[in-house]
Amino acid sequence: MTTLPARLSSLSEEIGRLADRLRPAPPEGVAECLDALKRGGMVAPASIAPADFLREYVLALSNVPACGLMAAIVKLKRGEYAAVRPGFMPVPAELAALARQEARGVREDMARARATAETLRALSKPPPSPESKARVRAIHARFRAEARGEPAEATPPSAGQGQ
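The paragraphs below set out a description of the structure included in this document.

Rules used throughout
Residues numbered from 1 in each chain as written. Predicted model: local features only at pLDDT ≥ 70, side-chain atom pairs only at ≥ 80, totals over all residues. Heavy atoms only, no water. Phe/Tyr/Trp six-rings, centres within 6.5 Å; stacked < 30°, edge-to-face > 60°. Lys NZ or Arg CZ within 6 Å of the ring centre and 35° of its normal. Axes fitted to C-alpha atoms, helices over the stretch in contact; angles between N-to-C directions. Helix = DSSP H or I, 4+ residues; strand = E, 2+ residues; numbered from the N terminus. Parallel < 35°, antiparallel > 145°, perpendicular 65-115°, else oblique. Left-handed = near helix turned anticlockwise from the far one by under 90°. Contact = heavy atoms within 4.5 Å. Salt bridge = Lys/Arg side-chain N within 4 Å of Asp/Glu carboxyl O. Buried < 20%, exposed > 50% of the residue type's maximum accessible area, 1.4 Å probe, protein only.

### Details of the packing of aromatic side chains
Counted under the stated rule, the structure contains 1 aromatic pair. For K38, the ring lying beneath its charged end belongs to F53, and the centroid distance is 4.1 Å. If you follow R85 out to its NZ or CZ, it ends over the ring of F88, 4.3 Å from the centre.

### Section: the packing of helix α1 (residues 4–21) against helix α5 (residues 92–124)
With their axes 9 Å apart at the nearest point, α1 and α5 run at an angle of 155° to one another. As far as their axial angle goes, α5 and α1 are roughly antiparallel. Between α1 and α5 the crossing geometry is left-handed. Facing α1, whose interface residues are L4, R7, L8, L11, S12, E14, I15, L18, A19 and R21, α5 presents V106, D109, M110, A113, R114, T116, A117, L120, R121 and S124.

### A few points about the pattern of salt bridges
On inspection of all chains with the given rule, the structure shows 7 salt bridges. Across the pair E102 and K75 runs a salt bridge, and its minimum N-O distance is 3.2 Å. Of this pair, E102 sits in helix α5 while K75 sits in helix α4 (residues 66–78), placing them 27 residues apart in sequence. The exposure class of K75 is partly exposed, given its relative accessible area of 28%. As a salt-bridge pair, R121 and E118 come within 3.6 Å of each other at their nearest N and O atoms. Residue R121 and its partner E118 are located together in helix α5, separated by 3 residues, close to a single helical turn.

Just geometry here; none of it tells us what the structure is for.
Here it is in structure tokens:
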């Protein structure tokens, strides 16, 4: 069984790896992916001018995670998307949607890891000391007395209070 600090450390490493996978694909990576589709025999959309081809895809894929883009490219090459015709590249918005869909699992893994780490951090906090509990009880008692209209007792401040 691992210790709490070791578990938090491994979760931090896992979150870091997942964050790296979720980084947006750089323009060079987008270009490589599009080139891979073309080399695989897919035809570019006729509605996009050849001069604007790369710019349109880079714009649409600018905030798409690299892991999602790579997974979508592999599935496109294998013909695993029923909604996409196998011989034609999807338009930029469709490719971005496919890539985001593919990255959803990594995002969910990251959310789970962050929630687990937050829970472990909360569990690792020390319980309140008896002195702090006594201070809170005294403050609460004074408040209740004032709310009832009774004069509050003059209690001397403890060593750590008010400083």
